Amino acid sequence: YRQGTLGNEKTKWETTVSKNVGFDLTILNGKWAFDFNLYQNDTRDLLIPRNRINTEPTVNQPNENIGTMRNNGVELGITNRGNITKDLSYDLQVNFSHYTNEIIKLNEAGNPVYYGLDRFSNAIKIDRGLPISTFWGYQVTGFYNTQDDVNKGTKLAGQPAKVGTWTYLDRNNDGNINSDDAGVIGNPHPDFQMGFNIGLNYKNFDFTTFLFWNYGNDIFNYTKWYTDMRGFVGGVSDRVLYDSWTPDNNNAKLPLLQEGFNVPGGFVTGESNSYYIEDGTFFRANTMQLGYSIPANLMNKVKLQRARIYVQAQNLFTITKYTGADPDLNVQRAQRNAGDAGDYILGIDQSGFPNPRMFLFGLTLTF
C-alpha cells in the first residue's frame, strides 16, 4: 500500500457572490431587441491545487483556498430582423462581452503562488493585483551578436553568455539575469469577444452562420519547446532551420543552432520567456449552413409534411497570426492531465488536438 493523494483538513468550499444590473428592450414590434448586463462576480476562498514541495512524496496534492478572485464585465446583445424584399428576410444578432479578472485578496500569509509546466518552473504566477494565470518569465530583448556584446552585456545567472544567445530584460539593472528579473510576459484573458449570428431566408432556401471574434489575449505556446528547442528527437519545426541566429541573421527568433546548444538546460532554453508568448486573437467561422425545403405540393404527393436538405461546414476558416495548431484552446481543456485542469492554468497550448474542419450533409423528414 502507498499513499496516492494528500488530504487537507483546512480546505472549505469556495463561494461566488454575483452582482449584476441589466435590461432587455424590444421595440418596433420585435424588429430591434437589446440586451445589456453589467456584472461583478467575486469568488471567495478560490480553490486551486497545492504546490508540492520538492522534498515531499510524489503524490496528488489537495486543493487549498488561496484568496478572492474578481471578474468585472459587461455583456451586450443587439438583434435586428425584418424583410429586405417580399421573398428575402433576415435575422441578425451581435453579441459583445468584455471582462477584467483580478486576484484582489490572498489568504493566510498572502504569498504569491507559482505554477510550472513540465520543463519550466514558475511559468504562471497568481498574486494580488494580477489576473489569474498570469504568464511569468523573462522578456527576450534580442541577441548577443558579437563577443563585445557578451563582454559588455548582462550575465546569465552569474555566468558569461555566448554569442548567438538571447538577451533578457534586466529589470533591476544589476547586470545579472536571475530570478529577480522575471516578470509578467503575458495575459490569457481577452480584451473582448464578439459573436455574429446571420440568418437569411429566400423562398425555399435558408442560410445561417455563426462567426466568432476573440481579441487581445495571449497564448503560451508551450508546444514550441518541443518543436523549436529540440527537446525530443523528431517533430522539429522548420523555424529551427530558417529562424535560428547566425552572424548574417541578427534578426532571428531562435538562438544559434549548433550541436548540444538548443537542447534544454540553462537560461538559453530552460526558462519560461517571452519567445513562447503569442497573440491569441482569431476570427473564425464556427458554423455555416445552407438548406433547401422541398415545396409542400411535392411533399403532399408522397405524404410528407416537410422535407429539407442541407449542407453544413464547421470551423470553415480561421484568421489568426497564432502559429500553433489552434488558437481556440477550449477544446484542449478536456485533454489535459488531471493535475493540470482548472482555471489557474489558462491559455497554455500543450499540444492539444485542434478543432477539426467538418462538412456535413443532411436530410430532415417530417411525417
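Worth saying up front: this structure is predicted, and the values here are computed from it rather than measured. (Residues numbered from 1 in each chain as written. Predicted model: local features only at pLDDT ≥ 70, side-chain atom pairs only at ≥ 80, totals over all residues. Heavy atoms only, no water.)

Description of the nonpolar core
Now for step 1: Counting 44 residues, the largest nonpolar core has Ile-126 and Phe-220 as the members making the most contacts within it.
Now for step 2: The set of elements that each furnish at least two residues to this core consists of strand S6 (88–106), strand S7 (113–115), strand S8 (124–126), strand S9 (134–137), strand S10 (140–143) and strand S12 (166–168).
Now for step 3: Every residue in contact with Ile-126, bar those within four places of it in the chain, is listed here: Ile-48, Ile-66, Ile-103, Pro-112, Val-113, Tyr-115, Ile-132, Ser-133 and Tyr-344. (Core = buried A, V, L, I, M, F, W, Y, C linked by side-chain atoms within 4.5 Å. Buried < 20%, exposed > 50% of the residue type's maximum accessible area, 1.4 Å probe, protein only. Helix = DSSP H or I, 4+ residues; strand = E, 2+ residues; numbered from the N terminus. Contact = heavy atoms within 4.5 Å.)

Let's talk about the pairing of strand S2 (residues 32–44)
Now for step 1: Sheet topology places strand S1 (residues 15–27) next to S2; 13 bridges connect them, and they run antiparallel. Counterpart to Thr-16 in the pairing with S2 is Thr-43.
Now for step 2: Connecting the antiparallel pair S1 and S2 is a turn made up of 4 residues, with Leu-28 showing a positive phi of about 55°. (Pairing = 2+ DSSP bridges.)

A short note on the packing of aromatic side chains
Now for step 1: Under the definition given, this model contains 21 aromatic pairs.
Now for step 2: Residues Trp-213 and Tyr-215 carry aromatic rings whose centres are separated by 6.1 Å and whose planes lie at 70° to one another, so their mutual orientation is edge-to-face.
Now for step 3: Judged by its relative accessible area of 36%, Tyr-215 falls in the partly exposed class.
Now for step 4: Pairing Phe-220 with Tyr-276 gives two aromatic rings, centres 5.9 Å apart and planes at 5°, and the pair type is stacked. Placement of Phe-220 in strand S17 (residues 218–221) and of Tyr-276 in the loop between helix H4 (266–269) and strand S18 (277–279) is noted, with a sequence separation of 56 residues between them.
Now for step 5: A residue is classified by how much of its surface remains accessible, and Phe-220, at 0% relative accessible area, is buried.
Now for step 6: Taken together, the ring pairs in this structure connect Phe-120, Phe-135, Trp-166, Phe-220, Tyr-222, Trp-225, Tyr-226, Tyr-275 and Tyr-276 into an aromatic cluster.
Now for step 7: Sitting above the plane of the Trp-136 ring, Lys-125 keeps its charged end 4.0 Å from the centroid. (Phe/Tyr/Trp six-rings, centres within 6.5 Å; stacked < 30°, edge-to-face > 60°. Lys NZ or Arg CZ within 6 Å of the ring centre and 35° of its normal.)

Side note on the environment of Asp-148
Now for step 1: Tracing the backbone through its elements, the reader meets Asp-148 in helix H1 (residues 147–152).
Now for step 2: For the pair Asp-148 and Asp-174, spaced 26 residues apart in sequence, the C-alpha separation works out to 19 Å.

Let's talk about the pattern of salt bridges
Now for step 1: The final tally for this structure, using the stated rule, is 10 salt bridges.
Now for step 2: Residue Arg-284 is joined to Asp-326 by a salt bridge in which the shortest nitrogen-to-oxygen separation is 2.9 Å. Placement of Arg-284 in strand S19 (residues 282–293) and of Asp-326 in the loop between strand S21 (318–320) and strand S22 (348–349) is noted, with a sequence separation of 42 residues between them. In this structure, Arg-284 and Asp-326 share a single accessibility class: buried.
Now for step 3: Among the charged side chains, a salt-bridge network with shared partners connects Arg-284, Asp-326 and Asp-328. (Salt bridge = Lys/Arg side-chain N within 4 Å of Asp/Glu carboxyl O.)

Some remarks on the sheet that holds S17
Now for step 1: With mixed pairing, 3 strands are arranged side by side in an open sheet as S18-S17-S22. Every other strand in the sheet has two partners, leaving S18 and S22 as the edge strands with one partner each.
Now for step 2: One ladder, built from 3 bridges, connects S17 with S18; its direction is antiparallel. Within S18, the residue paired with Phe-220 across the bridge is Ile-277.

Some remarks on the sheet that holds S7
Now for step 1: The antiparallel open sheet is built from 4 strands, whose spatial order is S7-S8-S9-S14. Since the sheet does not close on itself, it has two edges, and those belong to S7 and strand S14 (183–186), each with one partner. Shown here is a sheet whose adjacent strand axes are inclined to one another by a mean of 45°, direction ignored.
Now for step 2: Pairing of S9 with S14 involves 3 bridges; the strand directions are antiparallel. Bridging from a neighbouring strand, Gly-137 pairs with Gly-183 of S14. (Axes fitted to C-alpha atoms, helices over the stretch in contact; angles between N-to-C directions.)

Re unusual backbone geometry
Glycine aside, a negative phi is what most residues show, and trans is what most peptide bonds show.
Now for step 1: One non-glycine residue, Asn-29, lies in positive phi territory at about 55°.
Now for step 2: Structurally, Asn-29 is set in the loop between S1 and S2.
Now for step 3: Of note in the backbone geometry, Asn-173 takes a positive phi value of approximately 55° without being a glycine.
Now for step 4: Mapped onto the secondary structure, Asn-173 falls in the loop between S12 and strand S13 (176–177).
Now for step 5: A relative accessible area of 66% places Asn-173 in the exposed class.

Quick look at a nonpolar patch on the surface
Now for step 1: On the surface, a nonpolar cluster with roughly 630 Å² of combined accessible area is contributed by Phe-23, Leu-25, Ile-27, Leu-28, Trp-32, Leu-76, Ile-78 and Val-94.
Now for step 2: Among the elements of the structure, S1 and strand S5 (67–83) are those that each provide at least two residues to the nonpolar patch.
Now for step 3: With respect to the element layout, Leu-76 can be found in strand S5. (Patch = residues over 30% accessible without salt bridge, like charges linked within 9 Å, V, L, I, M, F, W, Y side chains within 5 Å. Areas by Shrake-Rupley, 256 points an atom, 1.4 Å probe, with all protein chains shown as cover.)

Topic: the environment of Phe-283
Now for step 1: Looking at where Phe-283 falls in the secondary structure, it is placed in strand S19.
Now for step 2: Classification of Phe-283 by relative accessible area gives partly exposed; the value is 24%.
Now for step 3: Note: C-alpha distance between Phe-283 and Pro-327 (44 residues apart in sequence) is 9.7 Å.
Now for step 4: Here Phe-283 is in contact with Phe-196, Leu-211, Phe-212, Trp-213, Phe-317, Thr-318 and Ile-319, once residues within four sequence places are set aside.

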